[in-house]
Amino acid sequence: MSEDFFAHPTAVIDKGCEIAKGVKIWHFSHLMPNCKIGERCNIGQNVVISPDVILGTNVKVQNNVSIYTGVICEDDVFLGPSMVFTNVINPRSAVNRKAEYAKTTVKKGASIGANATIVCGNDIGKYAFIGAGAVVTKTIPDYALVVGNPAKQIGWVSEYGHKLQFDEQGIAQCPETKEKYQIKNNAVIKIDE
Ligand SMILES: CC(C)(COP(=O)(O)OP(=O)(O)OC[C@H]1O[C@@H](n2cnc3c(N)ncnc32)[C@H](O)[C@@H]1OP(=O)(O)O)[C@@H](O)C(=O)NCCC(=O)NCCS
């Protein structure tokens, strides 16, 4: 484990965690055994990271988030305050389903808004944006913007988080970076020029 990270004295870090350099872990957060936290991740207040969870580089976890076993967050993922993951589709208190944890991957650069809920087994595409309070019940495509319960797609967003307006040729430009995107067969890709 790198010694080059910050953990507030109230944080609890269990055995076997791998914590890379530049990570910050704030008040009352709990990292459970064998989780892997990539470089420069920021773990807010009152966060629980369950056993074996993997976070990539520069993942930002806002306050009051629990990341359950079976969840993978790739690089640059943003988890908004009090958003909720799940890992059992049909929980019953009297039935042990620990061997059946569903997997959910949040792909590179995706953002999940405050209070959103991700029903397990539905991956979030790269740079997708989940609006505040959404309930995600389906796999979300790359660059998709979704809101509501159940979450419905209302558009597409750039890597910098701006809505994309496509022209007749199916090309859109991010107003901030001027990078171009193409829509084809209802899927969006960034065009490298
Ligand atoms: C999804 C989001 C990015 C859209 O922002 P926007 O592009 O400015 O959207 P607009 O305000 O123009 O809204 C477009 C439509 O979507 C609706 N909408 C926007 N956000 C919504 C949400 N989270 N849930 C449900 N509907 C939403 C609006 O009511 C509006 O509907 P209408 O066309 O019927 O009037 C933003 O509303 C959001 O949820 N951001 C997340 C904020 C957050 O959680 N931050 C955490 C860090 S503090």
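Scroll up a little and you will see the structure.
Residues numbered from 1 in each chain as written. Predicted model: local features only at pLDDT ≥ 70, side-chain atom pairs only at ≥ 80, totals over all residues. Heavy atoms only, no water.

A. A look at the sheet that holds strand 23 (residues 180-184). Ordered in space as 22-23-24, the 3 strands form an open sheet in which the pairing is antiparallel. The strands lining the two open edges of the sheet, one partner per strand, are strand 22 (171-173) and strand 24 (187-191). Here the average twist between neighbouring strands, direction ignored, is 30 degrees. Examined bridge by bridge, strand 23 and strand 24 share 5 bridges and lie antiparallel to one another. Within strand 24, the position partnered with Tyr-181 by the bridge is Lys-190. (Pairing = 2+ DSSP bridges. Helix = DSSP H or I, 4+ residues; strand = E, 2+ residues; numbered from the N terminus. Axes fitted to C-alpha atoms, helices over the stretch in contact; angles between N-to-C directions.)

B. Representation of the packing of aromatic side chains. Taken as a whole and judged by the stated rule, the model has 3 aromatic pairs. Summarising the aromatic geometry, the rings of Phe-6 and Trp-26 are spaced 5.0 Å apart at their centres and angled 50 degrees between planes, so their arrangement reads as tilted. Of this pair, Phe-6 sits in strand 1 (residues 6-7) while Trp-26 sits in the loop between strand 4 (24-25) and strand 5 (30-31); the two residues are 20 residues apart in sequence, bridging distant segments of the chain. Among the residues examined, Trp-26 registers a relative accessible area of 28% and is labelled partly exposed. Seen in terms of ring centroids, Tyr-127 and Tyr-143 are 5.7 Å apart; in terms of plane orientation they differ by 10 degrees. Their pairing is stacked. With Tyr-127 in the loop between strand 17 (117-118) and strand 18 (129-130) and Tyr-143 in the loop between strand 19 (135-136) and strand 20 (144-147), this residue pair connects regions lying 16 residues apart in the sequence. (Phe/Tyr/Trp six-rings, centres within 6.5 Å; stacked < 30°, edge-to-face > 60°. Buried < 20%, exposed > 50% of the residue type's maximum accessible area, 1.4 Å probe, protein only.)

C. Just unusual backbone geometry, in detail. In the segment running from Asn-149 into Pro-150, the intervening peptide bond is cis, with an omega of -5 degrees. Along the chain, the position of Pro-150 falls in the loop between strand 20 and strand 21 (152-156). One non-glycine residue, Asn-34, adopts positive backbone phi at about 65 degrees. Take Asn-34: it is sitting in the loop between strand 5 and strand 6 (36-37). A positive phi angle, close to 70 degrees, is found at Lys-178, a residue other than glycine.

D. Looking closely at the site of the ligand. Every residue near the ligand is listed here: Phe-78, Pro-81, Gly-113, Ala-114, Phe-129, Gly-131, Ala-132, Leu-145, Val-147, Ile-154 and Lys-163. Between an oxygen atom of the ligand and a main-chain N or O atom of Ala-114, the distance comes to 2.7 Å. At 2.9 Å, a side-chain N or O of Lys-163 approaches an oxygen atom of the ligand. Across the complex, the protein chains shield 39% of the 910 Å² of accessible surface that the ligand would expose by itself. Each residue belonging to the shell around the ligand can be placed in one class, and the counts come to 8 nonpolar, 2 polar and 1 charged. (Near = heavy atom within 4 Å. Polar contact = N/O pair within 3.5 Å; in protein donor to acceptor, adjacent residues only side chain to side chain. Areas by Shrake-Rupley, 256 points an atom, 1.4 Å probe, with all protein chains shown as cover. Nonpolar A, V, L, I, M, F, W, Y, C, P; charged D, E, K, R; others polar.)

Interpretation note: all reported values are geometric properties and have no functional meaning in isolation.
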